[in-house]
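Structure assessment
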Amino acid sequence: MFPQNAWYVACTPDEIEGKPLGRTVCGQPIVFYRSADGRVAALEDFCPHRGAALSLGRVCQGKLVCGYHGLVMGCDGKTESMPGQRVGAFPAIRAYPVIERHGFVWVWPGEPARADAALLPALSWADNPQWAYGGGLYHVKCDYRLMIDNLMDLTHETYVHADSIGQKEIDEAPVSTRAVGEEVVTSRFMDGVMAPPFWQANLRAHGLPADQPVDRWQICRFSPPSHVMIEVGVALAGRGGHQAAPEHKVSSVVVDFITPETDTTMWYFWGMARSFRVGDAALTAQIREGQGRVFSQDTAVLEAQQRNLTLHRHRKLLKLNIDAGGVQARRIIDRLIAQEQQPQAQPQVQLQAA
Ligand code: FES
Ligand SMILES: [Fe+2]
């Protein structure tokens with residue numbers, strides 16, 4: 001179950017370079033491609049002739065051509081032509097609202113009339129020369145909400161990521177969770193601790209000592225439908241922690257765009273935006289590799305968890321205080337789904353006396 005009236009990350013521009021991409025978003029198979037005017041188009045991945053997947057075709061001079069019998073599709077979902085056939089009466093297929101922004105292609109799987117570009121998340125780090133970004137994509141065989149639970153409770157770092165970002169103080173530091181409008185924020189601050197290996201490497205890259213105590217923070221922000229941005233970092237102890245001047249800290253935003261594919265599978269667009277050494281491409285690659293390793297550890301846990309939950313559908317799970325972030329995020333998701341399922345109010349018909 002997922003909210004449909006929302007923008008989801010569908011793909012990155014490199015995935016539609018010169019070819020169509022088939023991707024299922026919120027249970028709907030969609031084909032993405034770059035049309036003749038350079039804009040991204042998103043159509044139902046279903047050829048109106050015999051139902052072939054259009055994503056198996058090709059893009060010819062900005063037009064999507066079905067790979068089965070050569071039908072040519074328009075970006076609006078109407079058939080344009082087909083070799084040797086008259087196509088005027090072919091039924092149109094569905095065209096989805098789609099926008100390319102912040103280095104991602106976003107799709108709106110719900111009602112097209114409600115798609116509004118102003119509802120895209122504002123990302124202060126995107127398209128900003130003061131920030132560098134590196135990231136990747138994983139296909140994960142679990143309910144997307146398990147990934148939200150995972151990211152809204154970083155207690156697991158001590159156990160799942162012991163060799164990179166985990167440390168015992170995470171367990172010991174209290175976690176606070178609050179809902180601010182439609183956002184859920186979970187935060188944890190650890191003062192005067194030694195940096196774990198991932199942060200030691202970043203301190204060194206920034207020219208700071210890695211063998212001294214630091215103040216560490218993790219501030220996880222969930223916003224609907226399924227985005228989680230996490231402010232993370234360390235500052236030399238006693239320099240103001242999260243608020244320390246840039247020369248005393250290394251900090252970044254862990255970027256998580258979670259796109260449901262089916263009820264038990266998802267696309268995970270992960271990355272990290274940082275505001276230190278932004279011109280250092282080797283550092284971007286190094287962080288990306290480290291982060292990719294960390295997230296593959298999560299993926300293994302979540303896929304096994306999903307297998308368990310599928311096998312034991314009716315078993316009750318426990319909720320501890322560390323689970324509050326995920327629980328509150330799910331409440332918001334449930335409310336949005338319930339709103340979408342309510343019958344739309346019918347417009348009032350005004351009867352006027354003749
Ligand atoms: S199924 Fe697409 S052209 Fe025949
Ligand atoms: Fe993790």
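Scoring rules and cut-offs
Residues numbered from 1 in each chain as written. Chains lettered and ligands numbered in written order. Predicted model: local features only at pLDDT ≥ 70, side-chain atom pairs only at ≥ 80, totals over all residues. Pairing = 2+ DSSP bridges. Helix = DSSP H or I, 4+ residues; strand = E, 2+ residues; numbered from the N terminus. Axes fitted to C-alpha atoms, helices over the stretch in contact; angles between N-to-C directions. Parallel < 35°, antiparallel > 145°, perpendicular 65-115°, else oblique. Left-handed = near helix turned anticlockwise from the far one by under 90°. Contact = placed C-beta atoms within 7 Å. Nonpolar A, V, L, I, M, F, W, Y, C, P; charged D, E, K, R; others polar. Core = buried A, V, L, I, M, F, W, Y, C linked by C-beta atoms within 7 Å. Buried ≥ 20, exposed ≤ 12 C-beta atoms within 10 Å, placed from the backbone. Domains from an automatic or database assignment. Arc of directions from axis to C-beta.

Thoughts on the sheet that holds strand S17 (residues 265-274)
- Strand order in the open sheet made by the 7 strands is S11-S17-S16-S15-S14-S13-S12, with antiparallel pairing throughout. Looking at the sheet topology across the chains shown, the edges are occupied by strand S11 (132-140) and strand S12 (176-180). The average undirected angle you get between the axes of adjacent strands in this sheet is 15°.
- Across 9 bridges, the pairing between strand S15 (residues 227-236) and strand S16 (residues 249-262) is antiparallel.

A few points about the sheet that holds strand S2 (residues 21-25)
- The sheet built from 3 strands is open, its strands ordered S2-S3-S4 with antiparallel pairing. Single-partner strands in this sheet number two, and they are S2 and strand S4 (40-44). Geometrically, the sheet is characterised by an average inter-axis angle of 35° between neighbouring strands, direction not taken into account.
- Sheet topology note: the S2/strand S3 (residues 28-34) ladder contains 5 bridges and is antiparallel. For Thr 24, the partnering residue across the bridge sits in S3 and is Pro 29.

Overview of the packing of helix H1 (residues 144-151) against helix H6 (residues 324-341)
- Put simply, H1 and H6 touch, their axes get as near as 8 Å, and they point 140° apart. Classified by the angle their axes make, H1 and H6 are oblique. Our pair here, H1 against H6, has a crossing hand that is right-handed. Note on element contacts: H6 touches H1 through Gly 326, Ala 329, Arg 330 and Ile 333, opposite Arg 145, Ile 148 and Asp 149.
- Broken down by class, the residue content of the contact of H1 with H6 amounts to 3 nonpolar, 1 polar and 3 charged.

Observations concerning the packing of H1 against helix H5 (residues 281-311)
- Packing of H1 against H5 brings their axes to within 10 Å, and their N-to-C directions diverge by 130°. By the angle class used here, H1 and H5 are oblique. As H1 runs across H5, the sense of the crossing is right-handed. Taking contact as the criterion, the partners of Leu 146, Met 147 and Asn 150 in H1 are, on H5, Asp 298, Leu 302, Gln 305 and Gln 306.

Considerations on the nonpolar core
- By size, the foremost hydrophobic cluster in this structure holds 86 residues, and its most contacted members are Ala 10, Phe 32, Ala 42, Val 107 and Met 147.
- When residues of this core are assigned to domains, at least three fall in each of domain 1 (8-114) and domain 2 (127-339).
- Beyond its immediate stretch of four places on either side in the chain, Ala 42 contacts Ala 10, Ile 30, Phe 32, Ala 95, Tyr 96, Val 98 and Val 107.

Some thoughts on the domain arrangement of the protein
- With domains assigned, the protein is organised as domain 1 (8-114) and domain 2 (127-339).
- Computed over C-alpha atoms only, the centres of domain 1 and domain 2 are separated by 34 Å.
- Each partner contributes to the interface: domain 1 provides 10 residues, whereas domain 2 provides 9 residues.
- Among the secondary structure elements, those contributing two or more residues to the side of domain 1 that touches domain 2 are strand S1 (8-11) and S2.
- Considering each element in turn, the side of domain 1 that touches domain 2 owes the most residues, 3 residues, to S1.

Here we look at the pairing of S4
- When you tally the buried positions in S4, you get 4 out of 5 residues, the bulk of the element.
- As consecutive antiparallel partners, S3 and S4 are separated by 5 residues, and within that stretch Gly 38 has a phi angle of approximately 90°, a positive value.

Description of helix H4 (residues 197-205)
- Among the residues making up H4, those that are buried are Phe 198, Trp 199, Asn 202 and Leu 203. The buried side chains of H4 occupy one side of the element, clustering within an arc of 135° when seen end-on.
- Contact partners of the buried residues in H4: S15, S16 and H5.
- Once H4 finishes, Gly 207 follows within two positions and takes phi at roughly 80°, a positive value.

Some details on the environment of Gly 325
- Mapped onto the secondary structure, Gly 325 falls in helix H6.
- For the pair Gly 325 and Glu 289, spaced 36 residues apart in sequence, the C-alpha to C-alpha distance is 27 Å.
- Not counting residues within four places of it along the chain, the set of residues in contact with Gly 325 comprises Met 152, Asp 153, Thr 177, Val 184, Thr 186, Cys 220 and Phe 222.

Some details on the environment of His 227
- The residue His 227 is located in strand S15 in this model.
- Linking His 227 and Leu 283, residues 56 residues apart in sequence, is a C-alpha distance of 25 Å.
- Not counting residues up to four positions away in its chain, the partners in contact with His 227 are Pro 121, Asp 256 and Phe 257.

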